[in-house]
Amino acid sequence: MGKPRLLPVTEVDLTTVKYDTGEIEAPHITGLWLKFFVKLIEMPLIGSLIIGHLKKQNKMNEMLRDTVIPEPPMFRPEFPPQEPESGVVFLKEDGRSEDRVESALKCLPQYDSANYHSSDSTPFCYWKIRDYANSYRKGLTTPSTVAEYVICAIEEFSNKKPPTPLLISFNAEDVRKQAAASTQRFAEGKPLSILDGIFVAIKDDIDCYPHPSKGATTWLHEVRDVTKDAVSVSRLRSCGVILVGKANMHELGMGTTGVNPNYGTARNPHDLDRYTGGSSSGPAAIVASGICSAALGTDGGGSIRIPSSLCGVVGLKTTYGRTDIKGALCDGGTVEIVGPIASSVEDIILVYAAILGSSPADKISLRPSVPCLPDLSSQENSSVVGTLRLGKYTEWFNDVFSPDISNKCEDVLTMLSETHGCNVVEIVIPELDQMRTSHVVSIGSEAAASLSPDFQDGKVNKLTLDSRINFALFNSFTASDYVAAQRLRRRIMYYHMEIFKKVDVIVTPTTGMTAPVIPKSALKLGESNMKVTSNLMRFVLAGNLLGLPAISIPVGYDKQGLPIGLQIIGRPWGEATILRLAAAVEGLCIGAKQPASYFNILKGQ
């Protein structure tokens, strides 16, 4: 009797698919017990037994080793040709970043300076990039003046007890120098772009010279020098952006909460006793707190979208290869991208326009479509929104920790239908559990391979405890496991491409839970909580494993006042469509709450 064999993907009967919650089976450990567990798991014999038991509980070997998968492997996303999007403005990928930003600016609704919210009685809303630009151009303030408020706010966070640093690397004099140069350009009437004088944080796994890139470790900067900006950072710098420093993160991006015993854990601005989400914890928190207009993060497993959702801001995960990832620590992977976090969709559009552009190699291998943006200034924009078909897998959509999440997201879909005429289409997505397994094997194997030389030198012992558990699992994967995961990747890509023949986007909650409480025992030694990880990552993995574009947009709050995000997943290269729908959602969701920890930087408060 041979191994069980999966049906070829083209023969799977979707009417027989049953939704499986696929809960992760693993202990929740913090404090000294975590330290003890790591000692056990790193022992040669006992560790292998523990890892083997965990993999068996979660059916990993059953999927990867005990089942015949008939499809050939797909080692990185492969996209079929896509139909052009309608109602868009095309951008010159090989042109100057400043010119793309100028084109993006023309896509936005007309700016009305009368809406400049100067009164304390007006409903809360974040300052937008155009608000800062308007203030600079009118001489109401200068980048140098704003820089002092930014520096003060960053230092206030860093000096809290316990420490809650938003940035890992920060040089106030460097910020002042950049701000002075921007101020001079405005004085001469020669700003480089609408982004000139805008304050942006860079996640600590993206190179931003002269800062080191530590990946939130205590040692990576010792073995990896930073000699120039990452491509995405260089593009922002050419637009006049003021780079404030390297933002806090979950160590090496291998976690979803943002806990960081090395430098202190970034706190959620809506409730400082709760996590920001991760791994782009600092970027999301610094935007949500009002200190920076935008930040760059990386997303290999929801790492932009999860913290954006938990912190109540907007996070864009672009199509794999749409932005050049050179200069990021994860630039050798097949699931990661560099993308923006901002407080509004229009600010996301401006920053995205600046950083987009595939690498020379990806232009050859991925054949990206011409980048474009939705023309939100067009009178036809609303009618284009109304033509969109929204795919919803109801059983999956409702599989959340609190019904507040699914109810709030469902309300938004109803408003889209009633206001714009969008059609919600029921879909089924098979093999979600296999997608999770394929993703963890892919990202884990690639991370372990990239760090293998350093780990051979003993650096693995300098990692935080939860990272050591993760890499103990990753190092247990074999070459055949990796190939089997890529076979699953091809199957799951097929299912999604078939779904996109019937719908334009897939809609889900961004996360299965709102911001979790930070256990006090986790602050010093960290924690391992796979149940929380499962809830946070439930809806995000298709964007990474399949390279699809996705965006998280805030849509309201749960009963505890914590932000809820809606995720919109698009076709390959379909950023314009998800940005258009996200802007429509943003226009329907009013009543944002000021975070408990918020700095009114433009007003110096």
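Refer to the structure presented above.
In every chain, residue numbers begin from 1 and rise along the written sequence. Reporting of local features is limited, given that this is a predicted model, to residues whose pLDDT is at least 70; pairs of side-chain atoms are given and counted only at 80 or more, and all residues count toward the totals for whole chains, interfaces and linings. Side-chain measures here rest on the full set of heavy atoms in the structure, leaving out hydrogens and waters.

(A) View of helix α9 (residues 231-238). Note on exposure labels: buried denotes an accessible area under 20% of the residue type's maximum, exposed denotes more than 50%, and partly exposed covers the range between, all computed with a 1.4 Å probe on protein chains only. In this text, helices come from DSSP runs of H or I with a minimum length of four residues, and strands from runs of E with a minimum of two, each type numbered from the N-terminal end. The complete set of buried residues in α9 reads Ser 232, Val 233, Arg 235 and Leu 236. The buried residues of α9 all sit within an arc of 160° when viewed along its axis, so they share a single face. A contact between two residues is defined here by any heavy atoms of the two lying within 4.5 Å. In this fold, the buried residues of α9 make contact with α4 (97-107), β4 (199-203), β5 (242-247), β8 (294-299), β10 (337-342) and α12 (345-355). Throughout, the arc means the angular range of directions from the helix axis out to the C-beta atoms.

(B) Quick look at helix α2 (residues 44-57). Take the residue count of a helix, subtract one, and multiply by 1.5 Å to get its expected span. Taking 1.5 Å of rise per residue, the 14 residues of α2 would be expected to cover 20 Å, and the 20 Å separating its terminal C-alpha atoms lies within 8% of that figure. When we look at burial in α2, the residues that qualify are Gly 47, Ile 50, Ile 51, Leu 54 and Lys 55. Looking down the long axis of α2, one finds its buried residues gathered within 130° of arc, a one-sided arrangement. Across from the buried face of α2, at angles greater than 90 degrees, the exposed residues are Leu 45, Leu 49 and Lys 56. Tucked inside the fold, the buried residues of α2 contact α1 (31-41), α3 (60-64), α18 (465-474) and α19 (479-499). A positive phi of about 60° marks Lys 59, the residue just after α2.

(C) The environment of Lys 531, seen in detail. Position of Lys 531 relative to the elements: it lies in helix α21 (residues 530-537). The exposure class of Lys 531 is partly exposed, given its relative accessible area of 35%. Residues Lys 531 and His 28, spaced 503 residues apart in sequence, show a C-alpha to C-alpha distance of 7.6 Å. When sequence neighbours within four positions are dropped, the list of residues in contact with Lys 531 reads Ile 24 and Glu 25.

(D) Layout of the sheet that holds β8. Spatially, β3-β5-β4-β8-β10-β9-β16-β17-β14-β12-β13 is the arrangement adopted by the 11 strands of the open sheet, whose pairing is mixed. Two strands in the sheet have a free side with no partner beyond their single neighbour: β3 (167-169) and β13 (423-426). Pairwise comparison of adjacent strand axes, ignoring direction, gives a mean angle of 35° for this sheet. In this structure, strand β9 (residues 314-317) lies alongside β10, joined through two bridges in antiparallel fashion. Residue pairing for β10: Gly 315 is matched across the bridge by Ile 341. The convention used is that axes are lines fitted to C-alpha atoms, helices contributing only their stretch in contact, and that angles between N-to-C directions extend from 0 to 180 degrees. Running over the sheet, helix α10 (residues 281-288) touches β3, β4, β5, β8 and β10 and is turned about 155° from β8. This element, helix α23 (residues 575-588), spans β9, β12 (389-392), β14 (505-509), β16 (550-557) and β17 (563-570) of the sheet and lies at about 10° to β16. Any two strands are treated as partners once DSSP identifies two or more bridges connecting them.

(E) Region of the structure containing the packing of helix α17 (residues 432-456) against α19. Contact geometry for α17 and α19: axes closest at 9 Å, N-to-C directions at 130°. Comparing the axis directions of α17 and α19 gives the class oblique. For the element pair α17 and α19, the recorded crossing hand is left-handed. Residues Gln 434, Met 435, Ser 438, Val 441, Ser 442, Ser 445 and Glu 446 of α17 pack against Asp 481, Tyr 482, Ala 485, Gln 486, Leu 488, Arg 489, Ile 492 and His 496 of α19. Here the residues of the contact of α17 with α19 sort into six nonpolar, six polar and three charged. Roughly parallel here means an angle under 35 degrees, roughly antiparallel means over 145, roughly perpendicular means 65 to 115, and every remaining angle is called oblique. If you view the pair so one helix is near and one far, a crossing is left-handed when the near helix is turned anticlockwise from the far one by less than a right angle, and right-handed when it is turned clockwise. The nonpolar class holds Ala, Val, Leu, Ile, Met, Phe, Trp, Tyr, Cys and Pro. Asp, Glu, Lys and Arg form the charged class, and all remaining residues, Gly among them, are polar.

(F) Local environment of empty space enclosed by the protein. As defined here, a cavity is a set of points on a 1 Å grid over the protein atoms alone where a 1.4 Å probe fits but cannot get out. A pocket is an open set with protein on both sides within 12 Å along at least five of seven lines, and residues line them when an atom is within 4 Å of a point. Grid points are joined across faces, edges and corners, and a volume is the space filled by probe spheres set on the points. Scanning all chains against the criterion turns up two cavities of 30 Å³ or more. Looking at the largest cavity, its volume works out to about 1,000 Å³. Ile 24, Val 440, Met 530, Thr 533 and Met 537 are the residues nearest the centre of the largest cavity, which is lined by 49 residues in total. Sorting the residues of the lining of the largest cavity by element identifies α2, α17, α18, β15 (527-528) and α21 as the ones contributing at least two each. With eight residues, α17 is the single largest residue contributor to the lining of the largest cavity. Class assignment of the residues belonging to the lining of the largest cavity gives a composition of 22 nonpolar, 19 polar and eight charged. The space that makes up the second largest cavity amounts to roughly 70 Å³. Tyr 126, Trp 127, Tyr 132, Val 287, Gly 290, Cys 292, Ser 293, Ser 343 and Tyr 598 are the residues that line the second largest cavity. Of the residues contributing to the lining of the second largest cavity, the split by class is six nonpolar, three polar and no charged.

(G) Focus on unusual backbone geometry. Note that the residue after Tyr 209, namely Pro 210, is joined by a cis bond; omega there is 10°. Even without glycine at this site, Ala 216 takes up a positive phi of about 65°. Mapped onto the elements, Ala 216 comes out in the loop between β4 and α8 (220-223). The exposure class assigned to Ala 216 is buried, which follows from its relative accessible area of 0%. If you check the backbone angles, Arg 367 has positive phi at about 50° while not being a glycine. Mapped onto the elements, Arg 367 comes out in the loop between α13 (360-365) and β11 (372-374).

(H) Summary view of the side chain of Asp 299. Its location among the elements puts Asp 299 in strand β8. You can call Asp 299 buried: its relative accessible area is 0%. Engagement of the side chain of Asp 299 in a polar contact is seen with the backbone nitrogen of Gly 302, the distance being 2.8 Å. Aside from chain neighbours lying at most four places away, what touches Asp 299 is Ile 304, Arg 305, Lys 317, Val 335, Glu 336, Ile 337 and Asn 544. Think of a polar contact as two N or O atoms within 3.5 Å of one another; within protein, one of them needs to be a possible hydrogen donor and the other a possible acceptor, and neighboring residues in sequence only count if both atoms come from side chains.

(I) View of the packing of α4 against α12. α12 packs onto α4 with a crossing angle of 150° between their chain directions and a minimal axis gap of 7 Å. Compared by their axis directions, α4 and α12 come out roughly antiparallel. By crossing handedness, the relation of α4 to α12 is classed as right-handed. Facing α4, whose interface residues are Ser 97, Arg 100, Val 101, Ala 104 and Leu 105, α12 presents Ile 349, Leu 350, Ala 353, Ala 354 and Ile 355. Here the contact of α4 with α12 is composed, by residue class, of eight nonpolar, one polar and one charged.

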